[in-house]
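Each chain, letter by letter, is given below.
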Amino acid sequence: MPTLAYRLPFSPRARLQFGIFLGAYLLYSAARYITVGDLATAQTHAEWIVNLERHVGVYSEAAVQHGLQGTPAIWILNHLYLAAQLVVLPGSLIWLYHRSPVIYERLRNTVLATWLISLPVYAAFPVAPPRLAGLGLVDTITSQSGFSLDSSLTTSFYNQLAAVPSLHVGFAVAIGIAIAAAVRHPIAKGVALLWGPTIGLAVVATGNHFIFDIAAGVVASALGYLLGMAVANGRFALAPSRQFAIEAR
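Here the residue numbering is sequential within each chain, running from 1 through the sequence in written order. Given that this is a predicted model, residues contribute local features only at a pLDDT of at least 70 and side-chain atom pairs are listed and counted only at 80 or more, while totals for whole chains, interfaces and linings are drawn from all residues. The basis for the side-chain values is all heavy atoms of the structure; hydrogens and waters are excluded.

J.: Would you explain the overall build of the protein chain in this entry?
T.: Strands here mean DSSP runs of E at least two residues long; helices mean DSSP runs of H or I at least four residues long; both are numbered from the N terminus. On a plain count of helices and strands, the protein chain comes out with 12 helices and zero strands. Along the chain direction, N to C, the helices and strands of the protein chain fall in the order α-α-α-α-α-α-α-α-α-α-α-α. Across the protein chain, contacts joining residues at least 24 apart in sequence account for 85% of those joining residues at least 6 apart. Carbon together with sulfur atoms contributes 69% to the accessible area of the protein chain, which is approximately 13200 Å² in total. Pairs of residues are marked as contacts when any of their non-hydrogen atoms sit within 4.5 Å. Residue burial considers only the protein chains on display, and all accessible areas are found by Shrake-Rupley using a 1.4 Å probe.

J.: In this structure, what is going on with the side chain of Ser92? I would like to understand it.
T.: Within the element layout of this structure, Ser92 appears in helix H4 (residues 72-99). The buried label goes to any residue with under 20% of its type's maximum accessible area, the exposed label to any with over 50%, and the partly exposed label to all in between, with areas taken from a 1.4 Å probe on protein chains only. Owing to a relative accessible area of 7%, Ser92 belongs among the buried residues under this scheme. At 2.7 Å, the side chain of Ser92 and the backbone oxygen of Val88 are in polar contact. Apart from the residues within four sequence positions on either side, Ser92 is in contact with Ile175 and Ile179. In protein, a polar contact requires one atom able to donate a hydrogen and another able to accept it; more generally it is a pair of N or O atoms within 3.5 Å, and residues adjacent in sequence count only if both atoms are side-chain atoms.

J.: Explain the confidence of the model for the protein chain here, please?
T.: Interpreting fine coordinate detail is not advised for predicted regions of low pLDDT. Known as pLDDT, the predictor's confidence for each residue is given on a scale from 0 to 100. When pLDDT is averaged along the protein chain, the result is 85; 77% of the residues meet or exceed 70. The least confident element of the protein chain, judged by mean pLDDT, is helix H12 (residues 241-248) at 45; the most confident is helix H10 (residues 195-205) at 98. Low confidence marks residues 1-8, where pLDDT is under 50. Its contacts with residues over four positions away, or in another chain, come to one contact.

J.: Is there a simple way to explain the environment of Glu61 in this structure?
T.: Here Glu61 is to be found in helix H3 (residues 61-68). Contact partners of Glu61, with chain neighbours within four places excluded, come to Glu53, Leu137, Val204, His209, Phe210 and Ile211.

J.: Would you mind going over the nonpolar core with me for this structure?
T.: Side chains of a nonpolar character, in soluble globular proteins, are inclined to be buried together. Here the nonpolar core consists of buried residues drawn from Ala, Val, Leu, Ile, Met, Phe, Trp, Tyr and Cys, with membership extended through side-chain atoms lying within 4.5 Å. If you look at the biggest cluster of nonpolar residues, it comprises 42 residues, and the most contacted ones within it are Leu96, Leu107, Ile199 and Val203. Only H4, helix H5 (101-124), helix H8 (167-182), H10 and helix H11 (211-233) provide two or more residues apiece to this core. It is H8 that provides the largest number of residues to this core, a total of 10 residues. What Leu96 contacts, discounting residues up to four positions off in sequence, is Pro101, Ile103, Tyr104, Leu107, Ala178, Ile179 and Ala182. Membership of the second largest hydrophobic core comes to 11 residues, among which are Ile49, Val127, Leu161 and Val164.

J.: Can you walk me through the packing of aromatic side chains in this structure?
T.: Pairing of aromatic side chains here covers Phe, Tyr and the six-membered ring of Trp, requires ring centres within 6.5 Å, and sorts the geometry by plane angle: under 30 degrees stacked, over 60 edge-to-face, intermediate tilted. Taken as a whole and assessed by the stated rule, the structure comprises four aromatic pairs. An angle of 90° between the planes, with centres 5.8 Å apart, marks the rings of Trp48 and Phe212 as edge-to-face. Of this pair, Trp48 sits in helix H2 (residues 39-56) while Phe212 sits in helix H11, and the two are 164 residues apart along the sequence. Note on Tyr97 and Tyr104: the rings are 5.3 Å apart at their centroids and 90° apart in plane angle, and the pair reads as edge-to-face. This pair shows no difference in class: Tyr97 is buried, exactly as Tyr104 is. Of the aromatic side chains, those joined through ring pairs into one cluster are Trp48, Phe125 and Phe212. As a reminder, the over-ring test applies to NZ of lysine and CZ of arginine, requiring each to be within 6 Å of the ring centre and within 35 degrees of the ring normal. Above the plane of the ring of Tyr59 lies Arg54, whose end atom (NZ or CZ) is 4.7 Å from the centre.

J.: When you look at the layout of surface pockets in this model, what are you seeing that I'm missing?
T.: Sizing a probe to match a water molecule and rolling it over the atoms shows the empty space that remains. Cavities and pockets are defined on a 1 Å grid built over the protein atoms alone: a cavity is a set of grid points where a 1.4 Å probe fits but cannot escape, while a pocket is an open set with protein on both sides within 12 Å along at least five of seven lines, and lining residues are those with an atom within 4 Å of any such point. Grid points are joined across faces, edges and corners, and a volume is the space filled by probe spheres set on the points. Within this model, the second largest pocket holds a volume of roughly 300 Å³. The element that contributes the greatest number of residues to the lining of the second largest pocket is H8, accounting for six residues. Amino acid classes used here: Ala, Val, Leu, Ile, Met, Phe, Trp, Tyr, Cys and Pro are nonpolar; Asp, Glu, Lys and Arg are charged; the rest, including Gly, are polar. Of the residues in the lining of the second largest pocket, the class split is 10 nonpolar, three polar and one charged.

J.: What am I meant to see in the packing of H3 against H10 here?
T.: Each pair of packed helices can be described by the angle between their axes along with the distance between the axes. Where helices are involved, their axes are fitted lines through C-alpha atoms of the stretch in contact, as for all axes, and angles between N-to-C directions lie from 0 to 180°. Following both chains from N to C, one finds H3 and H10 inclined at 90°, their axes separated by 8 Å at the closest point. Taken together, H3 and H10 sit at an angle that is classed as roughly perpendicular. Across the interface between the two elements, Glu61, Val64, Gln65 and Leu68 from H3 touch Leu201, Val204 and Ala205 from H10. Each angle gets one of four labels, with under 35 degrees taken as roughly parallel, over 145 as roughly antiparallel, 65 to 115 as roughly perpendicular, and the rest as oblique.

What follows is the structure, given as structure tokens:
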């Protein structure tokens, strides 16, 4: 009886990239979960953030959520929040891998470096998200989307108190810039650049992040980009751009 040979429809280099990214994500997730702090300390840090935002006049999380409650916008934002890390981030990397290997490499290095930068911050400064900070904000995703963020199953996969920096927003900004650099049409560029601000609105409206977290996320991703560029320029990149360009032809 003849044997059937099954081959993955990806090149060896593409499989390597997938393995690197998946392995890094699993290590990052495990480390972030291990570094989880206690809720009381995280709520104290959240109170400090609220006081800081009030002092500088930017505290508006409650106003944003209350203003959007009951509108179609909150339903959209709930699902964009869920899709941002689970769908858009990997989807953007896959698309850029084929569209622009050089931009793909920069975004990939930014993501990996930002994860590395963020881990010690999560360990040293656990923060309760607004929905857990006792501020009267609700978890709109759990209450309206059917996806529970606080179930025992869900929280076994992520650390609820790893709110600073907000990589939802940091990565959304990085993705928007990368996609805008890879497309030519002005409208497409504009839509891509709106992805970061849209997720910024989503994380606040859903009760998952403070404005402080958003700013920290953008800073973390910027530092991740610089670190990733430094590593690439030091010839320690995971795959040279020239090799990607050859494969993409």
